[in-house]
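# A look at the structure
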Amino acid sequence: MAPKPKEKAKASAVAIPAISIEDLFTSLNRHIQRSEYEQAVKVSDQILAAAPGDEDAIRCKVVALVKADSIEEALVAIKDSRKKGSVDLSFFKAYCLYRQNKLEEALESLKGQEGSTESILLESQILYRLGKMGASVDIYQKLPKSTIDSLEINLVAGLVSAGRSSEVQGTLDSLRVKATSSFELAYNTACSLIEREKYKDAEQLLLSARRIGQEALMEENLADDDVEIELAPIAVQIAYVQQILGNTQEAVASYTDLVKRNLADESSLAVAVNNLIALKGPKDVSDGLRKLDKLIEKSDGPEKFQLARGLDLKLSQKQREAIYTNRVLLLLHSNKMDQARELVSALPAMFPGSLMPVLLQAAVHVRENKAAKAEEILGQYADKFPDRSKVILLARAQVAAAAGHPQIAADSLEKIPDIQHKPATVATIVSLKERAGDTDGADAVFDSAIKWWSNAMTEDNKLNTIMQEAAAFKLRHGRKEEAARLYEQLVKSHGSIEALVGLIQTAAHGDIEKAEAYEKQLKPLPGLKAIDVDSLEKTSGAKHAEKGPNAGVTETYEAKSKDKAKKKRKRKPKYPKGFDPANPGPPPDPERWLPKRERSSYRPKRKDKRAAQVRGSQGAVAKEAASNSDTKSNQPANPKGGSQNASTVQSKASSKSSRKKSRK
């Protein structure tokens with residue numbers, strides 16, 4: 001009997017019970033607490049499917065997407081929510097744009113959100129990223145300390161970045177906070193000390209920051225590697241301070257250890273690599289370029305160059321500019337001019353308010369032996385931005401002086417007002433104008449400097465130095481009356497002995513009576529009373545009189561040289577190794593250095609008489625000898641014996657012919 005067939009399963013599906021919105025929100029909260037942001041996004045979508053336009057679900061979805069670093073998807077969700085409902089997500093949109101480095105759009109999106117603390121803090125951070133440090137600090141200073149935890153950390157960072165490091169200590173005092181209250185605050189305060197060039201104090205505070213950070217992070221049960229990653233910025237800054245203080249070996253060891261172990265955040269690693277390259281200089285160009293190639297990427301977009309791994313958002317403008325600058329310098333050292341020219345052309349758009357791109361453009365032209373082009377670029381920038389042209393003009397003066405354009409170099413220095421009348425600048429300009437043949441211009445520089453120092457109300461007045469050099473310059477170029485006037489002013493105002501000597505020398509050319517009158521003011525030198533001037537003029541010099549029992553006695557240079565000749569010490573002769581001067585053996589051959597042919601014992605080798613025995617008919621030898629003698633008399637003399645060789649060849653040929661005849 002056949003078995004009964006099994007009953008088929010029922011095709012009708014069991015209805016899934018609908019989950020309530022309360023349960024979905026409970027699940028959403030659980031995922032957010034566990035940082036399971038992808039699951040939170042899915043649950044938010046389920047809630048929005050059941051209740052479209054729910055504000056809490058939309059906000060949770062956007063925040064979860066931001067936490068999951070899905071910034072583009074978060075912006076899409078914000079855009080969709082604005083179409084479906086009236087939820088205001090302007091703050092979240094501004095934050096997403098800030099994360100995408102679209103800073104101007106982010107500020108625009110924050111308009112109308114100025115009331116909340118979160119919006120104020122985001123605005124301050126956006127301004128900080130834009131380089132508007134002053135505005136960022138002003139916002140932080142308006143916030144009461146109770147509104148945000150660790151407000152002083154961001155405030156000190158903003159002050160340092162805004163170039164207001166001198167205000168840091170006063171700010172900490174007003175907030176009644178110690179610099180060592182946290183390792184972040186200690187680090188930021190140490191950065192302010194570095195900006196103020198207090199490197200020893202900064203080093204001590206950085207060491208304290210590292211110790212405090214290690215203790216605080218170990219209490220949070222972090223792994224050792226995670227602790228090192230968190231404290232990597234402090235380690236890089238300590239190495240930088242060591243580099244500034246001249247501890248080069250320690251700095252190189254610290255940078256190298258950080259790079260090799262790779263236990264640091266990306267921004268700290270980038271700074272360590274850049275500083276290590278700057279410390280080594282042009283010693284290992286290929287290695288430096290290889291390391292920087294990992295930091296800089298070339299793209300086809302509007303920005304040809306950008307830093308890898310999002311470093312453009314993590315590094316400050318000053319740090320990014322340093323990396324690109326070192327890249328250009330290494331390319332110049334390795335003579336890769338095409339790459340250097342391409343990178344330099346992109347830098348002005350990347351750093352519009354900086355001087356470094358202009359200086360690098362000039363450096364590229366100088367490297368290509370186009371000094372005139374470099375001078376032109378620097379001059380145009382100085383004329384366009386006179387308020388920040390000091391460094392540019394100094395660079396132009398350096399380039400022009402090295403290229404042999406002294407007049408351009410002098411003109412560049414004359415355009416810098418704050419160093420115009422300093423002695424070093426005056427000396428440089430005068431020297432350049434002398435090289436250019438502009439004596440009148442150099443004299444005018446001295447006159448202008450004398451006038452300026454005469455009216456200057458400073459403790460360290462350099463009028464005496466300037467007048468002394470100006471008088472010497474005028475005397476050297478034949479302006480004796482002006483030189484005498486300056487020397488006379490120096491004598492009356494300062495009583496300088498050097499000025500008195502110069503005045504006497506100058507006046508002696510035209511006014512002998514005046515020179516003699518001032519000559520009486522010179523104090524007589526001790527020990528020179530019994531000197532016969534006539535005999536002294538006949539000698540080549542006199543020995544300076546010294547105090548002692550023989551004071552007043554002078555010796556001529558000739559006598560001094562004789563005494564020195566008498567005191568000449570005799571040195572023992574040096575013998576070869578193993579030579580005994582007591583048993584020298586037979587004397588060496590005095591002709592050992594002469595060629596053998598020139599020695600008296602030389603005997604030349606005897607000629608072979610058999611060469612002259614030639615067989616043949618009678619009279620053959622006499623004819624050959626006669627023909628040879630005629631040939632010798634007709635040919636010019638050869639000092640190397642060329643004619644003798646020719647006769648030998650002929651005699652050999654004749655002997656061969658005679659042999660052939662005898663055989664017949």
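Residues numbered from 1 in each chain as written. Predicted model: local features only at pLDDT ≥ 70, side-chain atom pairs only at ≥ 80, totals over all residues. Heavy atoms only, no water.

Going by what an unreviewed UniProt entry lists, the chain is known as Signal recognition particle subunit SRP72 and is assigned to Solanum stoloniferum. According to the UniProt record, the Function (unreviewed entry) comment for the chain reads "Component of the signal recognition particle (SRP) complex, a ribonucleoprotein complex that mediates the cotranslational targeting of secretory and membrane proteins to the endoplasmic reticulum (ER)." Quoted verbatim from the Sequence similarities (unreviewed entry) heading of the UniProt record, the comment on the chain is "Belongs to the SRP72 family." (UniProt positions renumbered as here; feature names shortened; annotations may be inferred.)

Helix and strand counts for the chain stand at 34 helices and 2 strands. Approximately 43,900 Å² of the chain is accessible, and the part contributed by carbon and sulfur atoms is 51%. (Helix = DSSP H or I, 4+ residues; strand = E, 2+ residues; numbered from the N terminus. Areas by Shrake-Rupley, 256 points an atom, 1.4 Å probe, with all protein chains shown as cover.)

With 44 residues, the main nonpolar core has Val426, Val430, Phe446, Ile450 and Ile466 as its most contacted residues. If sequence neighbours within four positions are ignored, Val430 has contacts with Ala442, Val445, Phe446 and Phe473. Core analysis: the second largest hydrophobic core is formed by 35 residues, Leu258, Ala272, Ile323 and Val364 among them. (Core = buried A, V, L, I, M, F, W, Y, C linked by side-chain atoms within 4.5 Å. Buried < 20%, exposed > 50% of the residue type's maximum accessible area, 1.4 Å probe, protein only. Contact = heavy atoms within 4.5 Å.)

Before going further, it helps to examine the packing of helix 11 (residues 183–195) against helix 14 (residues 232–244). Orientation of helix 11 relative to helix 14, taken along the N-to-C sense of each, is 25°, at an axis distance of 11 Å. It follows from the interaxial angle that helix 11 and helix 14 lie roughly parallel. For the pair helix 11 and helix 14, the sense of crossing is left-handed. Here Phe183, Tyr187, Cys191 and Ile194 of helix 11 come into contact with helix 14, specifically with Pro233, Ile234, Gln237, Tyr240 and Val241. A per-class count over the contact of helix 11 with helix 14 returns 8 nonpolar, 1 polar and no charged. (Axes fitted to C-alpha atoms, helices over the stretch in contact; angles between N-to-C directions. Parallel < 35°, antiparallel > 145°, perpendicular 65-115°, else oblique. Left-handed = near helix turned anticlockwise from the far one by under 90°. Nonpolar A, V, L, I, M, F, W, Y, C, P; charged D, E, K, R; others polar.)

Below, the discussion takes up the pattern of salt bridges. For the structure on display, the rule yields 24 salt bridges. Its salt-bridge partner being Arg99, residue Asp69 comes within 2.8 Å of it at the nearest N-O pair. In this pair, Asp69 is assigned in the loop between helix 3 (55–67) and helix 4 (71–84) and Arg99 in helix 5 (residues 90–99), connecting sequence segments 30 residues apart. In this structure, Lys291 engages Asp287 in a salt bridge whose closest nitrogen and oxygen atoms are separated by 3.3 Å. Linking Lys291 with Asp287, this pair stays in helix 17 (residues 285–293), spanning 4 residues, or about one helical turn. With relative accessibility at 23%, the residue Lys291 sits in the partly exposed group. Salt bridges sharing common partners tie together Asp440, Asp443, Asp447, Lys474, Arg479 and Glu482. (Salt bridge = Lys/Arg side-chain N within 4 Å of Asp/Glu carboxyl O.)

Right, let's talk about helix 23 (residues 390–402) for a bit. Helix length check: helix 23 (13 residues) gives 19 Å between terminal C-alpha atoms against 18 Å at 1.5 Å per residue, within 8%. All of the buried residues in helix 23 are Ile392, Leu393, Arg396, Ala397, Val399 and Ala400. The buried residues of helix 23 occupy one face: seen down the axis, they fall within an arc of 165°. In helix 23, the exposed residues that point more than 90 degrees away from the buried face are Gln398 and Ala402. In this structure, the buried residues of helix 23 make contact with helix 21 (356–367), helix 22 (371–384) and helix 24 (406–414). Just downstream of helix 23 lies Gly404, where phi reads positive at about 80°. (Expected span 1.5 Å × (residues − 1). Arc of directions from axis to C-beta.)

This part covers the side chain of Thr325. Within the secondary structure layout, Thr325 lies in helix 19 (residues 317–333). A relative accessible area of 11% places Thr325 in the buried class. Contacts of Thr325, omitting those with residues within four sequence positions, involve Met356 and Leu360.

Here the focus is unusual backbone geometry. Residue Glu197 is not a glycine yet carries a positive backbone phi of 65°. Relative to the helices and strands, Glu197 is located in the loop between helix 11 and helix 12 (199–219). Despite not being glycine, Asn262 has its phi angle at roughly 60°, a positive value.

As a further point, take the packing of aromatic side chains. A complete count under the given rule lists 6 aromatic pairs for this structure. Ring centres of Trp452 and Trp453 lie 4.9 Å apart, and the angle between their planes is 85°; on these two criteria the pair is classed as edge-to-face. (Phe/Tyr/Trp six-rings, centres within 6.5 Å; stacked < 30°, edge-to-face > 60°.)

The residue Ser493 is located in helix 28 (residues 480–494) in this model. Among the residues examined, Ser493 registers a relative accessible area of 49% and is labelled partly exposed. Taking C-alpha positions, Ser493 is 9.1 Å from Asn464, a pair spaced 29 residues apart along the chain.

A separate point is a nonpolar patch on the surface. Judged by side-chain polarity, Ile497, Val501 and Leu522 come together as a nonpolar surface patch covering roughly 230 Å² of accessible area. Taking relative accessible area as the criterion, Val501 reaches 34% and is therefore assigned partly exposed. (Patch = residues over 30% accessible without salt bridge, like charges linked within 9 Å, V, L, I, M, F, W, Y side chains within 5 Å.)

The subject of this paragraph is helix 2 (residues 37–50). For helix 2, which comprises 14 residues, the first-to-last C-alpha distance of 20 Å matches the rise-based estimate of 20 Å (1.5 Å per residue) to within 8%. Those residues of helix 2 that sit buried are Tyr37, Ala40, Val41, Val43, Ser44, Ile47 and Leu48. Take helix 2 and look down its axis: the buried residues cluster within an arc of 170°, on one side only. When the buried face of helix 2 is taken as reference, the exposed residues oriented beyond 90 degrees from it are Glu38, Lys42, Ala49 and Ala50. Looking at the buried side of helix 2, the elements it contacts are helix 1 (21–33) and helix 3.

Let's shift gears to the confidence of the model for the chain. Per-residue confidence for the chain gives a mean pLDDT of 80, with 78% of residues at or over 70. Low confidence marks residues 1–17, where pLDDT is under 50. Its contacts with residues over four positions away, or in another chain, come to 0 contacts. Under a pLDDT of 50 for its full length, residues 622–664 has, in the predicted model, 10 contacts with residues more than four places off or in other chains. (pLDDT = per-residue confidence, 0-100.)

On to a positive patch on the surface, then. Among the surface-exposed residues, Lys79, Arg82, Lys83 and Lys93 lie close enough to one another that they form a single positively charged patch. Among the elements that line the positive patch, the one with the most residues is helix 4, at 3 residues. Relative to the elements of secondary structure, Lys83 occurs in helix 4. (Lys, Arg positive; Asp, Glu negative; His and termini not counted. Charge placed at Lys NZ, Arg CZ, Asp CG, Glu CD.)

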